[in-house]
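Structural characterization, general
This is what each chain is made of:
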Amino acid sequence: MTRGDEARIQDIIEAAEMAARITAESRSAFYDDWKNMPVAAQMISIIGAAASRLSDTTTASYPDIPWDDIRGMRNFIAHEYHNIEPEIVWETLRTSIPELVRSLGEEPVRPQR
């Protein structure tokens, strides 16, 4: 893995940690705070942008990670922001991002309830 790829993987992990923080409370608390949705969208966007910059060698070394889906979600958030469904964002933050972190060999941050 190149030094640049290591930095991108670290960017993914850091964005995942932030995502865990904003989902630490209940689903209703997530929806009630107007700041959560833009922060969540930004964390997903950062993860997708970092994934887009990984080398083919690095992405091939993680065959179970849906890299195309990750990049696609980033593009959707960037270009179709008016069609973002909050429930999909919530599920992505609570399920898909921790799975991604596990697949990268890291222990995902567990949101506190």
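What counts and what doesn't
- Residues numbered from 1 in each chain as written.
- Predicted model: local features only at pLDDT ≥ 70, side-chain atom pairs only at ≥ 80, totals over all residues.
- Heavy atoms only, no water.
- Core = buried A, V, L, I, M, F, W, Y, C linked by side-chain atoms within 4.5 Å.
- Buried < 20%, exposed > 50% of the residue type's maximum accessible area, 1.4 Å probe, protein only.
- Helix = DSSP H or I, 4+ residues; strand = E, 2+ residues; numbered from the N terminus.
- Contact = heavy atoms within 4.5 Å.

**Looking at the nonpolar core**
Ranked by size, the top nonpolar core spans 28 residues in total, and within it Ile12, Trp67, Leu93 and Leu104 carry the most contacts. When residues of this core are traced back to their parent elements, those giving at least two are helix H1 (3-22), helix H3 (36-52), helix H5 (67-79) and helix H6 (86-103). Those residues within four positions of Leu104 in sequence are excluded, and the remaining contacts are Ile9, Ile12, Ile13, Tyr62, Ile65 and Trp67.

**Here we look at the environment of Leu54**
Relative to the helices and strands, Leu54 resides in the loop between H3 and helix H4 (56-60). You can call Leu54 buried: its relative accessible area is 6%. Sequence-wise, Leu54 and Ile88 are 34 residues apart; in three dimensions their C-alpha atoms are separated by 25 Å. Leu54 has contacts with Asp5, Arg8, Ile9, Ile12, Thr59 and Trp67, leaving out every residue within four places of it along the chain.

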